[in-house]
Amino acid sequence: MAESRLKRPVRNVVLTVPVSFSRFQLTRIQRACAMAGLHVLRLMPEPTAVALLYAQQQLKVVQDTMGSGMEKLALIFNLGAGYCDVAVTATAGGVSEIKALSGGPVGGEDILLNMMRHLLPESESLFLNHGVSDIALLSTFRVATQDAIHSLSSQHTVDVNIDLGNGMKVCKVVTREEFEEVNKKVFEKCEALVVQCLHDAKVDLGNLSDVILVGGCSNIPKIRDIVLGVCKKGKCYTGMNPYEATVCGAALEGAVASGVTDPCGNLDLLTIQVTPLSIGIRADGNEFVPIIFRNTTIPARRELVFTTTRENQTEALITLYEGDEDKLDKNHLLGYFKVGIPPAPKGTPEINICLDIDASNVLRCLAGVVLPGSPKPVAPIMEIVLPMVDDGHGWCAEALKREYGSTLDLISLRRKM
Amino acid sequence: MNGTLAALSSSNSLFLSPVTLPVVSTNYSTRNASFPRGASVKSSVQTCPEPTARKPKASSLYEVLQVSRDATQVQIKSAYRTLAKTCHPDASSHSSDGQDFIEINKAYLTLSDPDSRALYDMKLGFGMDGPFGYSGRAGFSPAVRRWETDQCW
């Protein structure tokens, strides 16, 4: 569709993705693009695209911020159809430094479904047999509900009057309060994401210059109230179109990434990205030990030292996970592999696990075993690109755990201060 | 303290040191093919050894950021941004492996937080007052620096 609009083939693309996408989802998007013959220049979280646009706008406003080093902090809140994303960015001189990201699978679709359920509680059972007429009715109902929600953004009550045919009618006056009550859970989730993002960014609310609301649902008054309330701001940033901001930002990134230069310096931009999810391994019993924490600047490289739990343990199983849940099983299994260890008393071999995320967001795991007193690793270092398995392979880890029990376990070696 | 640091440096610098180590790459061909951005990422520290081409190690975080010891927070921030524009793998036209930027970012993280900066300044001062003076400390400091910056992550 884009190709027919532009009247020329598209080869390189910049895609924006929700913050809460796991590495599997990113990999799948890349695969899909490869199948379609598209070269992915960048996969960027949606709010960071907005951050880039904001950086450019600020660059235009104050041309000399770079010299003074004055930076502007902004909170970006994006509520689309399926996902809610929040980012805190520090901007100066065209460089937008992402301080923190948070996101969750909650969005306009949930609001719409809640509302449909509210208007017609039996709607789900009514349309169960999926006939053509049912689907048509359902979409009529859907569109009508959507219109009602839109009207509630500007007025306090709305008259819902839908004729569903065959004697079914929905006539109801819905107030804004009702709407907010029905979607309480959605709004609470959004609020939690904003609070978490501000907390992770370690930002003093007083230093926050702008609050940017984008996305299809950013017009809902309650959403505005919540975000502005949490940020203790009177009004939000009005410099960009909430529906186009993400796309504009992505277009800018595309221009930067393909090396287009502008003599006026308007494209002298850079986004410093962070990882949205922690990545770590299973160790210390059945615990998730993060190696790279969420909101770490990319490219990143960090290592932790682990050691064996058994006398003369000759192998260790390394299982890698991505996520931020305390419970190991709730996180995504990225892969697993074994390293060989020379026989030694327990606790003496040092197993170095290094995670490396390079500039193009490829995650690698390097593992090396060192015996104390020797500077060289005992075996060549293993290097593995992740994810190794596909999504939903958590059962693999379970099976391995059943087979080996705790015989291949690791514990983290606390650094002596 | 000396002893502890030496022991730590032996274990910590396995991957972070500029010394090239042999690497078994399990799926080399797929690795190169799967890079969305081709050339700029081909040189990871292990696979493309050019220890001589690497810049000499700066002896303090202040030198990494190219600021003076008494730089203000604002100066540090703007120095970080300027360096990011030249060293960030997304920004630089020549192929860069991102290792420079990681160093810069670590330095920035330490120095931009007043607490960790104070701690770092103390360590740095401790080395300066020692019998070796400035030149004697040079070989020793990378180990200190790594250990230090790891703590703030």
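What counts, and where the lines are drawn
- Residues numbered from 1 in each chain as written.
- Chains lettered and ligands numbered in written order.
- Predicted model: local features only at pLDDT ≥ 70, side-chain atom pairs only at ≥ 80, totals over all residues.
- Heavy atoms only, no water.
- Helix = DSSP H or I, 4+ residues; strand = E, 2+ residues; numbered from the N terminus.
- Buried < 20%, exposed > 50% of the residue type's maximum accessible area, 1.4 Å probe, protein only.
- Pairing = 2+ DSSP bridges.
- Axes fitted to C-alpha atoms, helices over the stretch in contact; angles between N-to-C directions.
- Contact = heavy atoms within 4.5 Å.
- Parallel < 35°, antiparallel > 145°, perpendicular 65-115°, else oblique.
- Left-handed = near helix turned anticlockwise from the far one by under 90°.
- Phe/Tyr/Trp six-rings, centres within 6.5 Å; stacked < 30°, edge-to-face > 60°.
- pLDDT = per-residue confidence, 0-100.
- Domains from an automatic or database assignment.
- Buried area = accessible area lost by both parts, 1.4 Å probe.
- Salt bridge = Lys/Arg side-chain N within 4 Å of Asp/Glu carboxyl O.
- Polar contact = N/O pair within 3.5 Å; in protein donor to acceptor, adjacent residues only side chain to side chain.
- Expected span 1.5 Å × (residues − 1).

(A) Structural context of the overall build of chain B. For chain B, the count of helices and strands is eight helices and one strand. Written out in order from the N terminus, the α and β elements of chain B read α-β-α-α-α-α-α-α-α. Buried residues in chain B amount to 46% of all 153 residues.

(B) A look at the sheet that holds strand 4 (residues 84-92) of chain A. Residue and element names in this part refer to chain A. With respect to topology, five strands assemble into an open sheet ordered 8-3-4-5-9, the strand pairing being mixed. Edge positions in the sheet fall to strand 8 (208-214) and strand 9 (270-272), since each has one partner strand and no second. The mean angle between the axes of side-by-side strands here comes to 25°, regardless of whether they run parallel or antiparallel. Bridge count between strand 3 (residues 72-79) and strand 8: six bridges; the pairing is parallel. The partner of Phe77 across the bridge, within strand 8, is Leu213. Sitting on the sheet, helix 9 (residues 184-201) touches strand 3, strand 4, strand 5 (95-104) and strand 8, and the angle it makes with strand 5 is about 140°.

(C) Examining the sheet that holds strand 11 (residues 287-292) of chain A more closely. All names here are of chain A. Taken in spatial order, the four strands make up an open sheet running 11-10-13-14, and their pairing is antiparallel. A single partner strand is all that each edge strand has here, and the edge strands are strand 11 and strand 14 (332-340). Strand-to-strand, the axes of this sheet are offset by a mean angle of 30°, without reference to chain direction. Contacting strand 10 (279-283), strand 13 (315-322) and strand 14, helix 2 (residues 23-35) runs over the sheet at an angle of about 100° to strand 14.

(D) Spatial organisation of unusual backbone geometry. Residues and elements named next belong to chain A. With an omega dihedral of -5°, the bond running from Ile298 to Pro299 counts as a cis peptide bond. On the secondary structure map, Pro299 appears in the loop between strand 11 and strand 12 (300-308). Across the junction of Leu386 and Pro387, the peptide omega takes the value -5°, indicating a cis bond. Of note in this structure, Lys232 is not a glycine but carries a positive phi near 55°. The residue Lys232 is located in the loop between helix 10 (221-231) and helix 11 (245-257) in this model.

(E) Quick peek at the pairing of strand 10 of chain A. Residues and elements named next belong to chain A. Burial analysis of strand 10 places five of its five residues in the buried class, which makes it a mostly covered element. Two strands pair when backbone bridges link them, and strand 10 and strand 11 are joined in this way by five bridges, in the antiparallel orientation. Across the sheet, the residue bridging to Ile279 is Ile292, located in strand 11.

(F) Summary view of the packing of helix 9 of chain A against helix 10 of chain A. Residues and elements named next belong to chain A. Between helix 9 and helix 10, the least distance of the axes is 10 Å, while the angle of their chain directions is 25°. Between helix 9 and helix 10, the angle falls in the class roughly parallel. The handedness of the crossing between helix 9 and helix 10 comes out as right-handed. Facing helix 9, whose interface residues are Phe187, Cys190, Glu191, Val194, Val195 and Leu198, helix 10 presents Lys222, Ile223, Ile226, Val227, Val230 and Cys231.

(G) Summary view of the packing of aromatic side chains. All names here are of chain A. Overall, the coordinates contain six aromatic pairs over all chains when judged by the stated rule. Judged by centre distance (5.2 Å) and plane angle (80°), the rings of Tyr54 and Tyr237 are edge-to-face. One end of the pair, Tyr54, is in helix 3 (residues 46-61); the other, Tyr237, is in the loop between helix 10 and helix 11, with 183 residues separating them in the sequence. A residue is classified by how much of its surface remains accessible, and Tyr54, at 0% relative accessible area, is buried. Judged by relative accessible area, which is 17%, Tyr237 ranks as buried.

(H) Up close: the confidence of the model for chain B. All names here are of chain B. Residues with a pLDDT of 70 or more make up 39% of chain B, whose mean pLDDT is 58. Contacts for the low-pLDDT stretch residues 1-13, under 50 throughout, to residues beyond four places or in other chains number 20 contacts. Below pLDDT 50 for its whole length, residues 17-55 participates in 63 contacts with residues either more than four positions away or in separate chains.

(I) Representation of the domain arrangement of chain A. Residues and elements named next belong to chain A. If you check the domain split of chain A, you get domain 1 (1-104 + 184-274), domain 2 (108-182) and domain 3 (277-412). Just the C-alpha atoms count here: the centres of domain 1 and domain 3 sit 32 Å apart. Taken together, the 16 residues of domain 1 in the interface contact 18 residues of domain 3. Each partner contributes to the roughly 1,400 Å² buried at the junction of domain 1 and domain 3, and carbon and sulfur atoms together form 50% of this total. In terms of surface lost to domain 3, no three residues of domain 1 exceed Arg23, Phe24 and Val274, which account for 53% of the buried area on that side. Scanning the region where domain 1 abuts domain 3 turns up two salt bridges. Taken together, the connections running from domain 1 to domain 3 amount to six residue pairs in polar contact (both at pLDDT 80 or more). Among the secondary structure elements, those contributing two or more residues to the side of domain 1 that touches domain 3 are helix 2, strand 5 and helix 9. Ranked by residue count, the leading element in the side of domain 1 that touches domain 3 is helix 2, at six residues.

(J) Local environment of the pattern of salt bridges. Taken as a whole and assessed by the stated rule, the structure comprises 13 salt bridges over all chains. Notably, a salt bridge pairs Arg117(B) with Asp121(B), separated by 4.0 Å at the nearest N-O pair. Taken together, the positions of Arg117(B) and Asp121(B), both in helix 6 (residues 114-129) and four residues apart, correspond to about one turn of that helix. Exposure remark for Arg117(B): the relative accessible area of 11% places this residue in the buried category. Put simply, Arg301(A), Asp356(A), Asp358(A), Arg364(A) and Glu383(A) are held in one network by salt bridges that share partners.

(K) View of the packing of helix 4 (residues 73-87) of chain B against helix 5 (residues 99-112) of chain B. Residue and element names in this part refer to chain B. Orientation of helix 4 relative to helix 5, taken along the N-to-C sense of each, is 170°, at an axis distance of 10 Å. With respect to helix 5, the element helix 4 is oriented roughly antiparallel. Facing Gln73, Ile76, Lys77, Tyr80, Leu83, Ala84 and Cys87 of helix 4, the residues of helix 5 in contact are Phe101, Ile104, Asn105, Tyr108, Leu111 and Ser112.

(L) Seen up close, helix 7 (residues 132-154) of chain A. Taking 1.5 Å per residue, 23 residues should reach 33 Å; helix 7 of chain A reaches 34 Å between its end C-alpha atoms and fits that length. Three or more residues of helix 7 of chain A are buried, namely Asp134(A), Leu137(A), Phe141(A), Thr145(A), Ala148(A), Ile149(A) and Leu152(A).

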